[in-house]
Structures are given as structure tokens and as C-alpha cells.
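Structure assessment
So you can see what is in the structure, the chains are spelled out below.
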Amino acid sequence: MALRNRRRVSAWLFAVCFMLIGMIALGGYTRLTGSGLSIMDWRPVTGIVPPLTHAEWERQFALYQTIPQYKILHDGFGLSGFQKIFWAEWTHRFWGRMIGLVLLVPLVWFAATGALTRGLIARLVLFFVLGGLQGAIGWFMVASGFNPDSTAVAPVRLVLHLCCAFALYIAILWTALSVRTPTAPFIPATPPVVRTRRLVWTATVLIGITIIAGGFTAGTHAGFTYNTFPLMDGRLVPAGYARLTPFWLNWFQNIPAVQFDHRLLATATALTIGACVFTGLRTPQIGKPAQDALMLLGWAVLIQYALGVTTLLLVVPAWAGTVHQTWAAVLLTVAIVTLHRLRGVGRP
């Protein structure tokens with residue numbers, strides 16, 4: 001690819017990544033405000049048009065009144081209350097459709113003008129298909145909230161939707177970075193360099209696992225209990241951590257265990273990133289770009305840890321929970337950028 005095309009294509013893909021972070025933020029806000037079940041039908045194309053008449057608003061509201069969430073949580077809150085949660089969910093779905101258009105239209109243009117290689121075209125078409133599949137997974141998640149006596153979506157489906165969103169984001173971000181800088185600068189594979197890269201890989205994996213644990217914390221509403229830090233009701237390990245059998249069910253369904261695991265993973269992630277920064281700054285062979293990324297990674301994890309504690313102590317207000325989820329994407333972004341800058345280790 002010519003330099004001009006690399007810059008244009010990478011700028012476009014970075015814009016898609018920015019929109020995906022916005023989508024992750026909107027998803028968090030929708031979940032925290034209980035808005036996700038307000039739209040009772042899935043219309044991938046015509047659903048872009050919101051209710052335009054009072055009769056259509058009444059029809060949508062009547063549909064919502066048939067599900068348990070309305071009867072248990074929102075009984076009697078009226079059409080105006082319904083419209084507030086409707087607009088949050090509609091915006092979330094609308095933004096997803098806009099991401100699809102922003103990915104598809106320039107893809108067609110760049111492909112037609114010869115700015116893309118065949119391999120890159122195939123990869124980007126796959127991303128578009130996976131984006132559409134993510135919308136279907138989102139509806140699969142929402143549909144679980146219509147079950148009898150259910151007031152929210154199933155935690156497992158919520159985590160599936162979240163994981164797919166982050167996986168797609170990582171793939172597009174890595175592609176954008178590789179298009180912008182296709183050749184990795186050589187970094188000698190000395191023991192300190194290899195150790196630093198392994199630590200960054202470990203930290204990135206821990207970030208991903210902590211995000212998954214955060215999804216289960218959100219899905220089980222575990223953040224609304226044990227709102228103290230660092231102890232949980234005066235104990236380091238909460239009472240009832242292992243009350244479910246088989247034991248592994250505690251990691252996904254038992255509120256004390258779910259919240260404790262998220263705390264533990266977050267702390268392990270922060271400590272590992274601290275080790276990355278300490279080791280990397282003492283290893284000049286990795287180069288200044290990688291060291292700068294490591295410094296950003298250190299600051300990003302400190303901010304995320306503080307946001308997590310703040311969200312917990314304030315008993316998960318919507319604004320704090322949304323920012324905490326959004327900053328998780330920012331933290332993961334910095335980790336991926338750091339890994340990308342270290343991809344030349346041992347490669348002549």
C-alpha cells in the first residue's frame with residue numbers, strides 16, 4: 001500500500017475504533033439505566049426509525065408493559081418514563097447501525113479505488129459480517145430479559161455480547177495499527193526485553209479476564225453490595241464465597257465470589273502493569289515508543305482502579321459505572337498499542 005493510502009485507511013479504521021468505544025459506553029449506560037429491554041422487537045433495517053406518532057409511542061409502551069421488568073420495577077411510571085429509557089436503547093442500536101455504515105461505505109470506496117490489498121479487503125469484509133453478528137448476539141441477550149420473573153438480561157448472554165464487542169474492537173484496532181506502521185522496528189531479544197514483552201502479554205490477558213469478570217459483576221448486580229473497600233463487610237474474603245456447588249458456579253452466580261474475584265483480578269492486573277512499567281523503563285533496548293506506551297499504560301490502570309473503587313463506594317451510579325466500563329476499553333487500547341510496538345522483538 002502506498003503511504004498516502006496507508007494513512008487514509010488507518011485514519012478511517014481509527015475512527016471506527018473510536019465509534020466502537022462510544023458503543024461500549026452507550027452499552028454500559030443502557031444496562032445501568034435498565035433501558036435495554038424497552039424495545040420489544042428487533043428490526044435491523046426499519047428499526048432505525050423511532051416512533052413518530054403518539055399512536056406508535058402507545059403501541060411500543062403497551063408492548064413494554066407485557067414484560068416482567070415493567071410489572072416488577074416500573075409499574076405506573078407512565079409514557080414519559082418509558083420514553084426516557086426507550087431513547088437510551090434506541091440510541092445504542094442507532095449507533096451500532098452507524099458503525100456498520102461507517103465501516104461499509106468507505107470499504108466499498110477504498111476497494112473500488114484500489115487503495116486496499118485483497119487480503120485487507122477480505123479481513124474488513126469479515127469484520128463487517130462479525131459486526132452484524134454482534135447485533136444478532138445483542139438481540140439474543142435482550143430476549144433473555146423477557147423470560148418470566150426476569151427484570152434484566154441473563155449474565156452469561158451479557159458477557160457474551162461484551163466479549164464479542166471487545167474482540168471485534170481489538171481486531172480492528174490491531175489492523176489499523178498495522179496498516180499505519182506495517183514494518184515493525186527490530187528490537188533485540190535480550191532477556192530483559194523478552195521479560196518485558198511477556199509481562200505486557202500477561203497484563204493484557206489479565207485486562208481481558210478482568211473485563212469478563214466485570215461483565216459478570218454487572219450482570220449479577222454484584223456491585224450494589226459490599227460497598228466498602230478494601231474489605232468486604234470487614235473481611236478480606238467475604239463470607240459465603242464458596243456456598244454454591246459445584247465450586248466453579250461461584251465464579252459466575254455467587255455475588256460475594258463474583259465481586260471478590262473482580263477485585264482480585266483488578267489488583268493483580270494493576271500490580272502486573274506496575275511490573276511492566278518498572279521493567280520496561282529499565283530496558284532502553286525496547287525503544288522510546290514502547291516505553292512511552294508503557295508509561296501511558298501505568299497511568300491508565302491507576303485511573304481505572306480509582307474509577308472502580310469510586311463506582312463501588314458510590315453504589316454504582318450510572319455515570320460512574322459508564323465511565324468505568326468505557327475506561328476499561330481505553331486501558332485495553334493502551335495495552336494493545338504497547339504490544340504492537342513490541343512486535344518487532346527478535347525479528348530482523
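Below, the structure is looked at part by part. (Residues numbered from 1 in each chain as written. Predicted model: local features only at pLDDT ≥ 70, side-chain atom pairs only at ≥ 80, totals over all residues. Heavy atoms only, no water.)

**Some remarks on the packing of helix α6 (residues 155-180) against helix α11 (residues 318-341)**
Relative placement of two packed helices is described by the angle separating their axes and the distance separating the axes. Remark: α6 packs on α11, axes separated minimally by 10 Å, with the N-to-C direction vectors making an angle of 40 degrees. Crossing angle aside, the handedness with which α6 passes α11 is right-handed. Seen from α6, the contacting residues are L162, F166, Y169, I170, L173, W174, L177 and S178; seen from α11, they are Q325, A329, L332, T333, I336, V337, L339 and H340. Broken down by class, the residue content of the contact of α6 with α11 amounts to twelve nonpolar, four polar and no charged. (Axes fitted to C-alpha atoms, helices over the stretch in contact; angles between N-to-C directions. Helix = DSSP H or I, 4+ residues; strand = E, 2+ residues; numbered from the N terminus. Left-handed = near helix turned anticlockwise from the far one by under 90°. Contact = heavy atoms within 4.5 Å. Nonpolar A, V, L, I, M, F, W, Y, C, P; charged D, E, K, R; others polar.)

**Structural notes on the side chain of T204**
With respect to the helices and strands, the residue T204 is situated in helix α7 (residues 191-219). Residue T204 is classed as buried on the basis of its relative accessible area of 10%. T204 has contacts with L332, A335, I336 and L339, leaving out every residue within four places of it along the chain. (Buried < 20%, exposed > 50% of the residue type's maximum accessible area, 1.4 Å probe, protein only.)

**Some words on the pattern of salt bridges**
Between side chains of opposite charge, pairing is possible as soon as their charged atoms come close. Taken as a whole, this structure holds five salt bridges when the rule is applied. The closest approach of N and O atoms between R59 and E56, which form a salt bridge, is 2.9 Å. Within this pair, R59 and its partner E56 are both found in helix α2 (residues 54-64), separated by three residues, close to a single helical turn. Relative accessible area serves as the criterion here: at 37%, R59 is assigned to the partly exposed category. Looking at E56, the relative accessible area reads 22%, which means it is partly exposed. Several salt bridges converge on common partners, so that one network encompasses D41, R43, E56 and R59. (Salt bridge = Lys/Arg side-chain N within 4 Å of Asp/Glu carboxyl O.)

**Let's talk about α11**
Between its first and last C-alpha atoms α11 spans 35 Å; for 24 residues at 1.5 Å apiece the expected length is 34 Å, and the two agree. Burial runs high along α11: 18 of the 24 residues are buried. (Expected span 1.5 Å × (residues − 1).)

**Side note on helix α1 (residues 3-32)**
In this model, α1 (30 residues) spans 44 Å end to end at C-alpha, consistent with the 44 Å of a helix rising 1.5 Å per residue. Where α1 terminates, the next one or two residues include G34, which has phi positive at roughly 65 degrees.

**Thoughts on the packing of aromatic side chains**
Note on aromatic pairs: each is described by the distance of the centres and the angle between the planes. As enumerated under the stated definition, the model contains 23 aromatic pairs in all. The interplanar angle of 70 degrees and the centroid separation of 5.8 Å between the aromatic rings of Y64 and Y70 together place this pair among those described as edge-to-face. Accessibility assignment for this pair places Y64 and Y70 in one class, buried. On the basis of an interplanar angle of 35 degrees and a centroid distance of 5.5 Å, the ring pair of Y64 and F82 is categorised as tilted. Here F82 lies in helix α4 (residues 78-112) and Y64 lies in helix α2, a separation of 18 residues in the sequence. Three or more aromatic residues link up through ring pairs in this structure, and these residues are W57, F61, Y64, Y70, F77, F82, F86, W87, W90 and F94. For R157, the ring lying beneath its charged end belongs to F140, and the centroid distance is 3.8 Å. (Phe/Tyr/Trp six-rings, centres within 6.5 Å; stacked < 30°, edge-to-face > 60°. Lys NZ or Arg CZ within 6 Å of the ring centre and 35° of its normal.)

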